[in-house]
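Breakdown of the fold
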Amino acid sequence: MSAIANEMPRVRRPSPVAANLAPLATLVARRFALTARTPRELVVPLLTPVLFALVIAPALKKALHTSASYESFVAVGTMGLLIPLNMMLSGLGVIVDRESGAQRELLAAPIARSLLVLGNLIVALATTALQVGVLIAFAVLRRIHFHVTGTGVLWFVGAALLLAIAMYGVAETLASRVPRAEEYVGRVPAIGIVPWFLAGSLFPIGAMPLVLGWIAKVLPLTHALALMRYGLLNDSSGLHAIWKMGSPTAMAALSLAVVAAFAALLTTVSIRVFTRSALQ
Amino acid sequence: MVSTEERPAIDVRRLTKTYDGGVEAVKGIDFEVASGEVFGLLGPNGAGKSTTIGMLTTTLVPTSGTALLGGFDVAVDPREARRISSVVFQDAVVDRSFTGLRNLDLHAKLWGVDPAKAKTRVAEVTEALGIADLVSRTVGTYSGGQRRRLEIARALISDPRVLFLDEPTVGLDPRIRHELLDVIAALRAENEITILLTTHYLDEAERLCDRVAIIHAGQIVALGTPEELKAKLGRELLELRIDGDAPSALDILHAHGIAGGDAFTVGSTVTVPLHDRSSADAIAAVHALGLATAAIAARRPTLDDVYLRLTGASLGAD
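What counts, and at which threshold
Residues numbered from 1 in each chain as written. Chains lettered and ligands numbered in written order. Predicted model: local features only at pLDDT ≥ 70, side-chain atom pairs only at ≥ 80, totals over all residues. Heavy atoms only, no water. Salt bridge = Lys/Arg side-chain N within 4 Å of Asp/Glu carboxyl O. Buried < 20%, exposed > 50% of the residue type's maximum accessible area, 1.4 Å probe, protein only. Helix = DSSP H or I, 4+ residues; strand = E, 2+ residues; numbered from the N terminus. Pairing = 2+ DSSP bridges. Domains from an automatic or database assignment. Contact = heavy atoms within 4.5 Å. Buried area = accessible area lost by both parts, 1.4 Å probe. Polar contact = N/O pair within 3.5 Å; in protein donor to acceptor, adjacent residues only side chain to side chain. Nonpolar A, V, L, I, M, F, W, Y, C, P; charged D, E, K, R; others polar.

1. Looking at the pattern of salt bridges
Residues and elements named next belong to chain B. Under the criterion given, the structure shown has 27 salt bridges over all chains. One salt bridge connects Arg-13 with Asp-11, and the closest N-O pair in it is separated by 3.1 Å. With a relative accessible area of 32%, Arg-13 lands in the partly exposed category. Close ionic contact of Arg-299 with Glu-239 constitutes a salt bridge, the shortest N to O distance being 2.6 Å. Here Arg-299 is found in strand 15 (residues 293-299), whereas its partner Glu-239 is found in strand 12 (residues 237-242), with 60 residues between them in sequence.

Now the structure itself:
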């Protein structure tokens, strides 16, 4: 029986930057390839928002005798359904990885385990951005009017991005806690759809009973939708319904801070829960 | 840091794992595995083998004790410990919708293998494991044996110092199992690699391992080479299938000095290590007692006998 000398590992040791960036790129490429192999995961979350934008919103407008601005209002509101739904469905990939994929191989790799969460997040963001783009394209084809400015686009992108990050935090956390895909899917409507009805997607939150209005004000989705409408429609009424202030920019900044805080908190929690569930 | 100090490839000291709820899966085990050694952890399901592998591969956090891989403490330097090791899991852990090649490439990139070296290494290991013609196919089309070969090939891409094989042949049909044992035997012959193998197939351990540790209820109850462990039962043993109560028959054998303290019963079978006594003499003595036996035979001890004597339970049982 012999013993080994304390020599350097045989494999190449990357620089500190590459130590995280290179494996992150590898994980992103892997997740993207897995996602691209199941295109229905890209298409299915689009169906409901597109249905709302193309069919339900025009029908509501006609039935309720509202103006063209209602179609614009709902078009942005549908993004509040698309983003949470798509990010929640992205969490299914985590369960598939754990149950029948290569998650344990990834956990045995010499990389920071938080990269596994971040790699999935980046791909989920990319697919959601694609879907939001498709939804906007459908809306434009439907002759829905947007009031687009450079600053407005930044508010919109910031709100959509942070909302997506926050929702992926919820998805990853739930996927780490729930043992089976069936249970996970059963919980998606409660998290991905119910808040949408409360967050001012189809009507202003001021139209709801007082208690529901207060609940709406603490939902990150309410803040994100108000910001997205401010960004794409130059409509600050949603922000005003939350903050009751005079400066739209100040209200937008406050709402962005709320969504950012949710995103940071939920991402931190998701990494912690994933790492803990992977390591017993 | 380069040092001329020599150390074991795996060094485990008083390693303990207690799960939430108080289940003590591993209870303060100690063992060392030298570089180039094939070390077997034997025991039934639930004995603590996979928990030990989990702690060594840093997917489980030890409750107490230390485990060093190539000098890296798995609790203090888990990434360094993972960098010098690879693991083949008991269940299939692959991306089935990817080709074999893509799975190999993924491992190479995550372990930081130089791309040029990775290409050469992929060619080498797929050839050595007989899957070079398969790797362009998606893994979902592989048979169980092919997939297991792919997983072993993947583990070797990063040229690990330490390779963990967790029940590598479980669930495979006998022909594929023997083919895979040939592959593992060739690995140790052709590579300077330390292998820690868990199994509850004793023929695998006898064939592949330099030393084995028998783990039972979270504790190592025997450790040594297969020959050393078997030698503790003598050159031969007597196996009696009793018509009636086996423990009572063992008491009679004890009382007449035919069985020593290391004789044991499993079901209706009494096993008596003979040590210095001849089998002919022992059989004659048993016949003289008039015990009701359905069968009586003398044979050489196996690792199974060692395990049964130490634990009173059959390998493979839960």
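2. Thoughts on the pairing of strand 14 (residues 269-273) of chain B
Residues and elements named next belong to chain B. Burial of strand 14 is extensive: 5 of the 5 residues sit out of reach of the surface. Residue alternation in strand 14 divides its side chains into two sets, Thr-269, Thr-271 and Pro-273 and Val-270 and Val-272, and both sets are buried. One ladder, built from 5 bridges, connects strand 12 with strand 14; its direction is antiparallel. Looking at strand 14, one finds that Leu-237 is bridged to Pro-273. The pairing of strand 13 (residues 264-266) with strand 14 spans 3 bridges and is antiparallel.

3. Comments concerning the domain arrangement of chain B
Residue and element names in this part refer to chain B. Domain annotation for chain B reports domain 1 (10-229) and domain 2 (234-311). Of the residues lining the interface, 14 residues belong to domain 1; the matching set on domain 2 comes to 7 residues. For domain 1, the biggest contributors to the area lost against domain 2 are Leu-202, Ile-214 and His-216; these three give 48% of the whole. Between the two partners, domain 1 and domain 2, sit 0 salt bridges. At the surface where domain 1 touches domain 2, the tally comes to 1 residue pair in polar contact (both at pLDDT 80 or more). The set of elements that each furnish at least two residues to the side of domain 1 that touches domain 2 consists of helix 7 (202-208), strand 10 (211-216), strand 11 (219-224) and helix 8 (226-231). A per-element tally of the side of domain 1 that touches domain 2 places strand 10 first, with 4 residues. Here the residues of the side of domain 1 that touches domain 2 sort into 11 nonpolar, 2 polar and 1 charged.

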